[in-house]
Amino acid sequence: MNDHTNPPLLLRRNGRPQACDPCRKRKLACDHTRPICSRCKKRKQDGECVYLVSGSRISTSKSPLPSPAPSTPLPSPQRGSLQHPQNSPALTPDAQVSGLTRPGYLGPTSYCNIYEDTENSLSLLQGSDNVAIQCESVAHHAPMEGSQTNMSARVRDMALNVLHNIPDPIQGSVLRFKHGSDGWIHNIAERAAKSLYETFGDYFSAGNRPTAKLEELARLICANTLRPFSDDESDPDKWFGQFLGKNIRWELIGILSIFWEFVPGSNTEFWKGKRSAEFDRGFRIARENMHLSLDLCKEFSAGNSMMLCLSQRCTVMDSMSVGDADLVVWRAHAETISLLTFLGFHAVEEKGRLQTSLSTEIKKRFFHHMFTMAMVVVSFTGRPPLISSRYSSTPIPLDISNEDLFSDHGTFMKAISRLDDEGWNTDGEIYPSTNIRARAIIAVIREEIFKIALDHRQNAFPNAFSIETLLQLRSRELSAVAAFPSCLHFDPLDLDNPEVPINHLSARLFIQQEHLQNMFFIERLLLRLGHQDKGDLLKVSYDLVTQTLPYYLHLDRLSSFRNDCEWLVMAYAVPAGGILCLELLKPTLHLRPHSDSRITRSNIIQKLSLLVAFLDWVSPSAPNGDLCSDAKSVIQRVLDQTLNAVSSIYEPPAVFQWDSSTQLDFNFDLLDTFDWNRPDFPSSQQSNQ
């Protein structure tokens, strides 16, 4: 049944809240307050606060608002594998509001836009008489009973596999979390896990689990997943109510699989060194459960924020399994970006902070986390980005804690009132939103770097990008990071200070790496365009290697990053290590000591030696393991060439006795995807060897 005391927002075809007719006619901003907007109240025209739905006008003051039409058509029985009995209330045609249906977000150039304008014109011709319409959305029908539905054999097998893998209530109530930009999902997972076991705990006993009982539950979850999920719900209790208790959906089962420990003790064994058999088994089950849950969502769900979250985490799990450059990861990443734009999270309307809400902030967090991830993928692979800020308008999220985000309206607004003018929290804390904001700011600048680095028109238009452009980017990068709250500023002494909270340490270290990588790209491009190098590239490279090594040297404190070590060392330390190798092969420090006293020949050798140890620690069978092995081999050869030379390494014959056929590309294509990112030898020097 509809909630007449708090009617839901009506949505336009583009997914944005619909203004009431009086505000729309006067071209004024409407605050969408239900049942009467504030402008209508001020004009004392309460009786005229009406909304247009499919050419008809709906009075909000004289009769309840209708529920919004579903944003996408419900899947037919042939599309999904859940067959419904005839005359099922959730599938009756009368339950849908007449008019155009909107398959996801459709922008201003879409086919629906012209029809929306036509509907608005027709409404003006029809006059201003209020016409009350009562209709019900499928989202408000009671959930179908599991016994009323039949599943195909394929869906049944997938569902039972997932449910059989769910831990028992004691084991499954303990969730493993890690600090990061998506840490705000933890609050959702904790509440969902508690609700799952309170409602269905007897289905997941440690002993025998009857298949018939699990099949009954699977039918119910499929039916719930078929029901529309509103990403515009701003009441926390109602938002959670869409998937808690008996409303549990496959999206949430998949998300919980991220945090469950499927094999008892595997996490403990994992930190003793390389991947153990127990960890590998638990990891495999988690990945399987997440992918099966996502496949089940595709069968029944039209897409929502929780499905987007699950899709993104499946991409991460794939990268941890097969490596970041694999086609499997690229496809999963592309599917996540597709769902992101399908839902319209890239086009969240900019509003004043007093008009924001739970649903708006969730969309902001999702978009900027995904956008940042997209730029990281480009950094690693050199492939064109699958999303662009040019076509996105979603502002960065406000910096409030998870607890305040999901709190009551009063607490939520108090938290917003404490923010500074830029939207940062003034508590001195590092929340997940703090992480997302900082990385998003860096990612936007990185995208501009990629526009230069990946633009193949440079050969035809060599002056298209000037040194001045890059110097401006460098200045912007430095200014942006300097403007971050003091709690985000990295201090190397933090690594040995046990009083620094681990979430602060990990956030500062990782954001510093992201910043240094931007600087690394900029300095390489400047060098490529002929800008005089005053040792800036060597300094950035030295710092990038130095600040990646703690993931290996301080594994006790940074243990939550163990799963990411193979990616971290390849993405940040190895490219920078190539520059340090080049300094050993073509030394400059003997001619002009570096302005940074840390950067000496001896220190470079020590850093590269530790980097070799880090790469050797990575198992060849691990994700990116083969890449790490190749990089280790090349760096070792550089060190051997440097340390085993008979004569002084500063004498030209010894310096350039390097096999010119072996470029410092580490025998893999990733560093070679950016031409300027490979420290190759000038042809004149190669010919003199």
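Below or above, wherever it landed, is the structure these notes cover. Given the structure is predicted, the values throughout are model-derived calculations rather than measurements. (Residues numbered from 1 in each chain as written. Predicted model: local features only at pLDDT ≥ 70, side-chain atom pairs only at ≥ 80, totals over all residues. Heavy atoms only, no water.)

### Some details on the overall build of the protein chain
Part 1: In terms of helices and strands, the protein chain carries 26 helices and 4 strands.
Part 2: The proportion of buried residues among the 689 residues of the protein chain is 56%.
Part 3: Surface accessibility of the protein chain: about 30000 Å² in total, with carbon and sulfur atoms responsible for 51%. (Helix = DSSP H or I, 4+ residues; strand = E, 2+ residues; numbered from the N terminus. Buried < 20%, exposed > 50% of the residue type's maximum accessible area, 1.4 Å probe, protein only. Areas by Shrake-Rupley, 256 points an atom, 1.4 Å probe, with all protein chains shown as cover.)

### Things to note about the nonpolar core
Part 1: Ile188, Phe204, Trp239, Trp250 and Phe366 are the most contacted members of the largest nonpolar core, which has 154 residues in total.
Part 2: Counting residues per element, this core draws most heavily on helix 22 (residues 565–585), which supplies 15 residues.
Part 3: Setting aside chain neighbours within four positions, we find tryptophan 250 in contact with Ala159, Val162, Leu163, Ala218, Ile221, Cys222, Thr225, Ser293, Leu296, Cys297 and Leu310. (Core = buried A, V, L, I, M, F, W, Y, C linked by side-chain atoms within 4.5 Å. Contact = heavy atoms within 4.5 Å.)

### A look at the pattern of salt bridges
Part 1: For the structure shown, the criterion picks out 26 salt bridges.
Part 2: Residue arginine 191 pairs with aspartate 237 through a salt bridge whose shortest N-O separation is 3.5 Å. Residue arginine 191 is found in helix 6 (residues 185–200), and its partner aspartate 237 is found in helix 8 (residues 236–241); the two are separated by 46 residues along the sequence.
Part 3: Taking relative accessible area as the criterion, aspartate 237 reaches 54% and is therefore assigned exposed. (Salt bridge = Lys/Arg side-chain N within 4 Å of Asp/Glu carboxyl O.)

### As for the environment of phenylalanine 300
Part 1: Secondary-structure assignment places phenylalanine 300 in helix 11 (residues 277–300).
Part 2: Along the backbone, phenylalanine 300 and asparagine 224 are 76 residues apart, and their C-alpha atoms lie at a distance of 8.9 Å.

### Regarding helix 23 (residues 601–617)
Part 1: Given a rise of 1.5 Å per residue, 17 residues ought to cover 24 Å, and the 25 Å separating the end C-alpha atoms of helix 23 matches this to within 8%.
Part 2: Restricting attention to buried positions, one finds in helix 23 the residues Ile604, Ile605, Lys607, Leu608, Leu611, Val612, Phe614, Leu615 and Trp617.
Part 3: The inward-facing, buried residues of helix 23 contact helix 20 (536–546), helix 21 (550–553), helix 22 and helix 24 (625–643). (Expected span 1.5 Å × (residues − 1).)

### What to know about unusual backbone geometry
Part 1: Positive phi, close to 65 degrees, is recorded for asparagine 624, a residue that is not glycine.
Part 2: Structurally, asparagine 624 is set in the loop between helix 23 and helix 24.

### Things to note about helix 6
Part 1: With 16 residues, helix 6 should reach 22 Å at 1.5 Å per residue; the first-to-last C-alpha distance of 22 Å fits that figure.
Part 2: Among the residues of helix 6, those classed as buried are Ile185, His186, Asn187, Ile188, Ala189, Ala192, Ala193, Ser195, Leu196, Tyr197 and Phe200.

### Brief notes about the packing of aromatic side chains
Part 1: All told, the structure shown has 25 aromatic pairs when counted by the stated rule.
Part 2: With 5.2 Å between their ring centres and 55 degrees between their planes, phenylalanine 240 and phenylalanine 406 make a pair best called tilted. Residue phenylalanine 240 is found in helix 8, and its partner phenylalanine 406 is found in the loop between helix 15 (402–405) and helix 16 (409–417); the two are separated by 166 residues along the sequence.
Part 3: In this structure phenylalanine 240 comes out as buried when scored by relative accessible area, which is 2%.
Part 4: Centroid distance phenylalanine 450 to phenylalanine 521: 5.9 Å. Interplanar angle 50 degrees. Geometry classified as tilted. Taken together, the residues span a long stretch of sequence, with phenylalanine 450 in helix 17 (residues 432–453) and phenylalanine 521 in helix 19 (residues 502–528) at a distance of 71 residues.
Part 5: For phenylalanine 521, a relative accessible area of 2% puts it in the buried group. (Phe/Tyr/Trp six-rings, centres within 6.5 Å; stacked < 30°, edge-to-face > 60°.)

### Considering the environment of leucine 527
Part 1: The topology assignment puts leucine 527 in helix 19.
Part 2: Residue classification places leucine 527 among the partly exposed residues on the basis of a relative accessible area of 35%.
Part 3: Placed 10 residues apart in sequence, leucine 527 and leucine 537 show a C-alpha to C-alpha distance of 8.5 Å.
Part 4: Leaving out residues up to four positions away in the same chain, leucine 527 has contacts with Asp533 and Leu537.

Function cannot be inferred from these measures alone, as they are strictly geometric.
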